[in-house]
Amino acid sequence: MMGEVPFVLDFSRVGFTERALVGGKVASLGELLRHGCRVPPGFAVTSFGYRRFLEANGLEDRLRQVLASVAPNDLESLERASQQITGMFLESRIPREVQGAIERGYEELSIRTQVSDPPVAVRSSALAEDSEQASFAGQQETYLWVRGAENVLDSVRRCWASAFTPRALSYRLTQGISLDDGVAVGVQQMVHPRAAGVLFTLSPRTGDRSLIVVEGSWGPGVAVVSGEVTPDEFTVNKVTLEIVHRKISPKTAQFVPTGSEGVLVKVPVPEDLQTKPCLCDEEVVELARLARHLEQVYGFPLDIEWAVAENEAFPHNLYLLQSRPETVWSRRPRSSIAANFKDPLSYVVQTLAGKALSR
């Protein structure tokens with residue numbers, strides 16, 4: 001990227017080559033856009049904006065002093081450092097030039113979406129996040145249904161501070177990630193989801209790469225990610241895109257935003273919806289098709305967050321919210337799924353004939 005380094009960047013202007021500026025999560029969203037996926041619009045507050053925040057408030061030296069005595073397995077030192085750093089960040093002001101850039105980014109998002117004070121997700125995006133070496137899943141904070149420029153600014157500052165929670169500090173030290181790494185933040189329009197969840201381009205139980213597994217429930221994905229509900233599960237043959245197994249679970253609770261600050265609260269799911277599938281078959285197959293295409297492009301198994309918009313028609317109602325390398329089974333040695341067949345062609349033929357999965 002040539003010219004002056006910006007404090008904010010639209011998702012449409014970034015990809016993996018901008019990871020050092022916008023972090024892994026936002027870089028991945030930019031890549032999804034480049035590959036034609038539907039992603040809610042938004043912008044990144046760059047690591048350059050974070051560096052300017054530290055510099056303007058004289059925080060760099062203070063950070064180094066606090067972090068010098070931290071050890072990854074010493075909970076007391078982690079908590080002490082985290083409290084000190086969080087206090088320093090929340091007492092510090094965002095410099096005027098960075099604040100102005102964030103406010104303009106939010107205003108442009110309002111114009112583009114034709115929504116006054118659009119509700120947004122403010123999401124931490126660490127520079128090493130969502131790489132094949134470190135997923136950072138759940139290590140830093142995300143604030144949902146944030147409305148108004150003042151609340152967005154406050155959430156950005158809290159996301160910066162969340163890079164120094166005890167859990168995040170321990171993770172970075174254990175993974176060998178420098179504590180001097182910058183932190184970017186994504187500001188993204190919220191989707192009003194009828195349903196949401198995660199999918200894997202392999203079986204999360206067995207590591208079988210011939211399958212795609214889609215898990216979901218009613219409302220935002222918080223219920224699935226936090227384990228508040230047992231999600232519906234759809235298993236799809238990656239070759240034929242046939243749904244080969246489905247498990248519909250009783251989904252008794254979901255989350256909904258309330259009030260102007262969009263706090264999410266858990267509410268009961270209406271009784272007539274609790275045992276209904278949260279996705280129709282064509283939505284499952286289309287999500288699987290998108291995931292298969294992205295895995296082919298990237299060349300490794302993926303863990304993808306998705307949402308189905310409440311008031312939009314298929315297939316325009318399907319959004320991808322995050323894509324990261326699958327890091328559990330992908331690191332294990334694997335045997336060929338066609339190992340029991342005489343040659344790869346016989347495996348494909350029998351899979352297409354619907355026989356491979358029953359062997």
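Cut-off values and rules
- Residues numbered from 1 in each chain as written.
- Predicted model: local features only at pLDDT ≥ 70, side-chain atom pairs only at ≥ 80, totals over all residues.
- Heavy atoms only, no water.
- Pairing = 2+ DSSP bridges.
- Helix = DSSP H or I, 4+ residues; strand = E, 2+ residues; numbered from the N terminus.
- Axes fitted to C-alpha atoms, helices over the stretch in contact; angles between N-to-C directions.
- Salt bridge = Lys/Arg side-chain N within 4 Å of Asp/Glu carboxyl O.
- Phe/Tyr/Trp six-rings, centres within 6.5 Å; stacked < 30°, edge-to-face > 60°.
- Buried < 20%, exposed > 50% of the residue type's maximum accessible area, 1.4 Å probe, protein only.
- Core = buried A, V, L, I, M, F, W, Y, C linked by side-chain atoms within 4.5 Å.
- Contact = heavy atoms within 4.5 Å.
- Parallel < 35°, antiparallel > 145°, perpendicular 65-115°, else oblique.
- Left-handed = near helix turned anticlockwise from the far one by under 90°.

## Thoughts on the sheet that holds strand β8 (residues 232-237)
No. 1: Ordered in space as β9-β8-β7-β6-β12-β13, the 6 strands form an open sheet in which the pairing is antiparallel. At either end of the open sheet lies a strand with only one pairing partner, and these are β9 (243-247) and β13 (318-325). Neighbour to neighbour, the strand axes of the sheet diverge by 20° on average, direction disregarded.
No. 2: The pairing of β8 with β9 spans 4 bridges and is classified as antiparallel. Pairing of Glu-233 across the sheet is with Lys-247, part of β9.

## Quick look at the pattern of salt bridges
Side-chain pairs of opposite charge can arise whenever the charged atoms involved come near each other.
No. 1: A full pass over the atoms with the stated rule returns 19 salt bridges.
No. 2: In this structure, a network of salt bridges that share partners links the residues Glu-18, Glu-31 and Arg-34.

## As for the packing of aromatic side chains
No. 1: In total, this model carries 8 aromatic pairs according to the counting rule given.
No. 2: Both rings, one in Phe-16 and one in Tyr-298, keep their centres 5.8 Å apart while their planes meet at 55°; by these two values the pair is tilted. Placement of Phe-16 in the loop between β1 (8-10) and α1 (19-34) and of Tyr-298 in helix α9 (residues 281-298) is noted, with a sequence separation of 282 residues between them.
No. 3: Geometrically, the ring pair formed by Tyr-50 and Phe-89 is tilted, given 6.4 Å between the ring centres and 40° between the ring planes. Here the residue Tyr-50 occupies a position in helix α2 (residues 47-56), and Phe-89 occupies one in helix α4 (residues 75-91), the gap between them amounting to 39 residues.
No. 4: Relative accessible area serves as the criterion here: at 0%, Phe-89 is assigned to the buried category.
No. 5: Taken together through their ring pairs, the aromatic side chains of Tyr-50, Phe-53, Phe-89, Trp-160 and Phe-164 make up a single cluster.

## Considerations on the environment of Gly-87
No. 1: Its location among the elements puts Gly-87 in helix α4.
No. 2: Gly-87 gets classed as partly exposed once you look at its relative accessible area, which sits at 24%.
No. 3: As a C-alpha pair, Gly-87 and Ala-161 span 74 residues in sequence and 8.7 Å in three-dimensional space.

## Describing the sheet that holds β1
No. 1: Here we have 5 strands laid out as an open sheet, ordered β1-β2-β5-β3-β4, and antiparallel in their pairing. With one partner strand each, in any of the chains shown, β1 and β4 (142-146) form the two edges of the open sheet. Neighbouring strand axes in the sheet, compared pairwise and without regard to direction, differ in orientation by 20° on average.
No. 2: The pairing of β1 with strand β2 (residues 42-45) spans 3 bridges and is classified as antiparallel. For Leu-9, the partnering residue across the bridge sits in β2 and is Ala-44.

## Some points on the nonpolar core
No. 1: Counting residues in hydrophobic clusters, the biggest one holds 39 residues, and the most contacted among them are Val-45, Phe-89, Ile-102, Trp-160 and Phe-164.
No. 2: Mapped onto this core, the elements with two or more residues apiece are β2, α2, α3 (59-67), α4, α5 (96-113), β3 (120-126), α6 (149-162) and β5 (183-189).
No. 3: Ranked by residues supplied to this core, first place goes to α6 with 6 residues.
No. 4: Apart from the residues within four sequence positions on either side, Ile-102 is in contact with Val-8, Phe-43, Val-45, Val-152, Leu-153 and Val-156.
No. 5: With 38 residues, the next largest nonpolar core counts Cys-37, Ala-195, Phe-234 and Cys-278 among its residues.

## Digging into the packing of α5 against α6
No. 1: At a minimum axis separation of 10 Å, α5 and α6 run at an interaxial angle of 125°. With respect to their mutual orientation, α5 and α6 come out oblique. Pair α5 / α6 crosses with right-handed handedness. Taking contact as the criterion, the partners of Gln-99, Ile-102, Glu-103 and Tyr-106 in α5 are, on α6, Ala-149, Val-152, Leu-153 and Val-156.

## Quick notes on the packing of α3 against α4
No. 1: The N-to-C vectors of α3 and α4 enclose an angle of 170°; their axes lie 10 Å apart at closest approach. The angle between α3 and α4 falls in the class roughly antiparallel. Contacts between α3 and α4 involve Leu-59, Arg-62, Leu-63, Val-66 and Leu-67 on the former and, on the latter, Ala-81, Gln-84, Ile-85, Met-88 and Phe-89.

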